[in-house]
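Observations on chain architecture
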Amino acid sequence: MNTLRLLAVLAGGALFGFGLAWSTMIQPEVVLGFLQFDDFGLLLVLGGAVLVTLCAYLLIPKLMNKPLLGKEFHKHPNTFSKNTIVGSALFGVGWGLAGVCPGPVFAGIGAGNWMLLISGAAMFLGAYAHGRYVSR
Amino acid sequence: MLEQFFPNGMLHYLAGGLLIGAGVSFIFLMTGLVSGTSTFFSSAWSYFSTLPFFRQKSFLESRQWRLAFALGLALGGFAFLLTLGNGQAASTGVQWWRLLAGGALAGFGARMAGGCTSGHGICGLSSLQWPSLAAVITFLATAIITAQVVQSIGVLP
């Protein structure tokens, strides 16, 4: 992976993180407020993000043969299995308990929400437990 | 009517969402990569663990850009803090045990499901993949139930 590609990923990640902070998704209380039906703003965040990304994923490969700094557009097909549902159900319980998911953990720590270090460390441990679990 | 559903306004949610989409789209335009967040946790373990699962090719190949992506997310949060955030650090009053237990479950579950709110929610839905739609419906349902049950037994917040 060359440096320019990594810088592009860094810049895109920064846009993403800025958006997460602006939309207050880095405050677990706001996410919990959505899950408790007090404020439906999260749907605007997800809807806005999907709208832009949908256009990009559909149009860019039609307009260009390959990305500006790469050889191919990845498709990243998601396979469906029991794990998709069981894993998502567990993920949802965790999300509903903590009020943060992986993206806002990093963006939130960057914005000085230090308490999210707890969730970030726990996510690392959860991913490690998953690796152990599938290797058993 | 709208104030009832959006008591804190709508514009900052929309603006943030559009920027999030712009970030994912920019990465795709430049590199062709589909940038979910949660695989970072597994790929990062390849730096520390000798467990064969963490040493698989897809993690070794993607761990560099996934690290750059996670750093970018933090950098974006920091840039917000310095600009629109007026230097006021975000904070939370959510109790530490919720952040800890919820984080661990979310980390495990996202890896088992092959994606989280960004991988399945944003990238998966945007590439019109029905497994991702099933994932999103499932985690929204269990998250809503969990948050409301925890609220109803009097844990605040």
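Here we summarise the structure given alongside this text.

Cut-offs applied
Residues numbered from 1 in each chain as written. Chains lettered and ligands numbered in written order. Predicted model: local features only at pLDDT ≥ 70, side-chain atom pairs only at ≥ 80, totals over all residues. Heavy atoms only, no water. Helix = DSSP H or I, 4+ residues; strand = E, 2+ residues; numbered from the N terminus. Buried < 20%, exposed > 50% of the residue type's maximum accessible area, 1.4 Å probe, protein only. Areas by Shrake-Rupley, 256 points an atom, 1.4 Å probe, with all protein chains shown as cover. Axes fitted to C-alpha atoms, helices over the stretch in contact; angles between N-to-C directions. Parallel < 35°, antiparallel > 145°, perpendicular 65-115°, else oblique. Left-handed = near helix turned anticlockwise from the far one by under 90°. Contact = heavy atoms within 4.5 Å. Nonpolar A, V, L, I, M, F, W, Y, C, P; charged D, E, K, R; others polar. Lys, Arg positive; Asp, Glu negative; His and termini not counted. Salt bridge = Lys/Arg side-chain N within 4 Å of Asp/Glu carboxyl O. Polar contact = N/O pair within 3.5 Å; in protein donor to acceptor, adjacent residues only side chain to side chain. Patch = residues over 30% accessible without salt bridge, like charges linked within 9 Å, V, L, I, M, F, W, Y side chains within 5 Å. Buried area = accessible area lost by both parts, 1.4 Å probe. Core = buried A, V, L, I, M, F, W, Y, C linked by side-chain atoms within 4.5 Å. Phe/Tyr/Trp six-rings, centres within 6.5 Å; stacked < 30°, edge-to-face > 60°. Lys NZ or Arg CZ within 6 Å of the ring centre and 35° of its normal.

Take the overall build of chain B next. A tally of regular secondary structure across chain B gives seven helices and zero strands. Starting at the N terminus, the α and β elements of chain B follow one another as α-α-α-α-α-α-α. When its C-alpha atoms are laid out on the principal axes, chain B stretches across 50 × 35 × 35 Å. Each of the 157 residues in chain B was classed as buried or not, and the buried ones make up 58%. Within the structure as shown, chain B displays about 6700 Å² of accessible surface, and the carbon and sulfur contribution to it stands at 70%.

This paragraph deals with the packing of helix H5 (residues 102–110) of chain A against helix H6 (residues 116–135) of chain A. Residues and elements named next belong to chain A. Contact geometry for H5 and H6: axes closest at 9 Å, N-to-C directions at 135 degrees. Considered as vectors, H5 and H6 are oriented oblique to each other. The element H5 and its partner H6 pack so that their crossing is left-handed. Together, Pro102, Pro104, Val105, Gly108 and Ile109 of H5 and Leu116, Leu117, Ser119, Gly120 and Met123 of H6 make up the contact between the two elements.

Time to look at the packing of helix H2 (residues 28–35) of chain A against helix H4 (residues 82–98) of chain A. All names here are of chain A. Here H2 crosses H4 at 115 degrees, and the two axes come no closer than 8 Å. Judged by residue contacts, Pro28, Val31, Leu32 and Leu35 of H2 engage Trp95, Gly96 and Ala98 from H4. In terms of residue class, the contact of H2 with H4 is made up of six nonpolar, one polar and no charged.

Bringing the side chain of B:Arg111 into the picture now. One can find B:Arg111 in helix H5 (residues 96–113). For the buried B:Arg111, no salt bridge is present, and the opposite-charge side chain at shortest range is B:Glu61, 14 Å distant. A distance of 2.7 Å separates a polar atom in the side chain of B:Arg111 from a polar atom in the side chain of B:Ser42. For B:Arg111, the residues in contact, after removing those within four places along its chain, are A:Ala127, A:His130, B:Ser38, B:Thr39, B:Ser42 and B:Phe59.

Once that is clear, we can look at a nonpolar patch on the surface. Residues A:Leu58, A:Leu59, A:Leu63 and B:Leu128 make up a contiguous nonpolar surface patch of about 440 Å² in total accessible area. Tracing the backbone through its elements, the reader meets B:Leu128 in the loop between helix H6 (117–126) and helix H7 (130–152). Given a relative accessible area of 61%, B:Leu128 falls into the exposed group.

The next thing to look at is the interface of chain A and chain B. Buried accessible area, meaning the area lost when the parts come together, often serves as the stated size of an interface. Contact residues are listed per partner, giving 105 residues for chain A and 113 residues for chain B. Regarding the contact of chain A and chain B, the summed buried area is about 10000 Å², with carbon and sulfur atoms giving 76% of it. When the buried surface of chain A facing chain B is broken down by residue, A:Phe16, A:Tyr57 and A:Leu97 rank first, second and third, together holding 8% of it. Elements with a contribution of two residues or more to the side of chain A that touches chain B: helix H1 (3–22), H2, helix H3 (41–63), H4, H5 and H6 of chain A. Grouping the amino acids of the side of chain A that touches chain B by side-chain chemistry returns 65 nonpolar, 33 polar and seven charged.

Another aspect to go through is the side chain of A:Thr84. By the secondary structure assignment, A:Thr84 is in helix H4. Excluding residues within four positions of it along the chain, A:Thr84 makes contact with A:Thr79, B:Ala113, B:His120, B:Pro131 and B:Ala135.

A general trend in soluble globular proteins is that nonpolar side chains are found buried together. In terms of nonpolar packing, the biggest core is built from 71 residues, with A:Phe16, A:Leu20, A:Met25, A:Leu35, A:Phe91 and A:Trp95 touching the most fellow members. If near-sequence neighbours (up to four positions away) are discounted, A:Met25 is found in contact with A:Leu20, A:Val30, A:Val31, A:Leu42, A:Val45, A:Pro104 and B:Tyr13.

Burial analysis of H5(A) places nine of its nine residues in the buried class, the great majority of the element. Among all positions in H5(A), only A:Pro102, A:Gly103, A:Pro104, A:Val105, A:Phe106, A:Ala107, A:Gly108, A:Ile109 and A:Gly110 are buried. Among the structural elements, H1, H4 and H6 of chain A together with helix H3 (39–45) and helix H4 (57–82) of chain B are those in contact with the buried residues of H5(A). Positive phi shows up at A:Gly112, right after H5(A), with a value of about 90 degrees.

Attention shifts here to the environment of A:Asn65. All names here are of chain A. With respect to the element layout, Asn65 can be found in the loop between H3 and H4. Taking relative accessible area as the criterion, Asn65 reaches 79% and is therefore assigned exposed. As for Asn65 and Cys55, which are separated by 10 residues in sequence, their C-alpha atoms are 16 Å apart.

Moving on, we come to the packing of aromatic side chains. Within this structure, the stated rule accounts for 26 aromatic pairs over all chains. With a centroid separation of 5.7 Å and 80 degrees between ring planes, the pair formed by A:Phe16 and B:Phe69 is classed as edge-to-face. With one member in each of two chains, A:Phe16 in helix H1 and B:Phe69 in helix H4 form a pair that bridges those chains. Judged by centre distance (6.3 Å) and plane angle (40 degrees), the rings of B:Trp45 and B:Phe54 are tilted. Look at B:Trp45 and you get buried, because its relative accessible area is 18%. When its relative accessible area of 0% is taken as the criterion, B:Phe54 is described as buried. Members of the aromatic cluster, each reached through a chain of ring pairs, are A:Phe106, A:Phe124, A:Tyr128, B:Phe40, B:Phe41, B:Trp45, B:Tyr47, B:Phe48, B:Phe53, B:Phe54 and B:Phe59. Just above the ring of A:Tyr133 sits the side chain of A:Arg136; from NZ or CZ to the centre is 4.2 Å.

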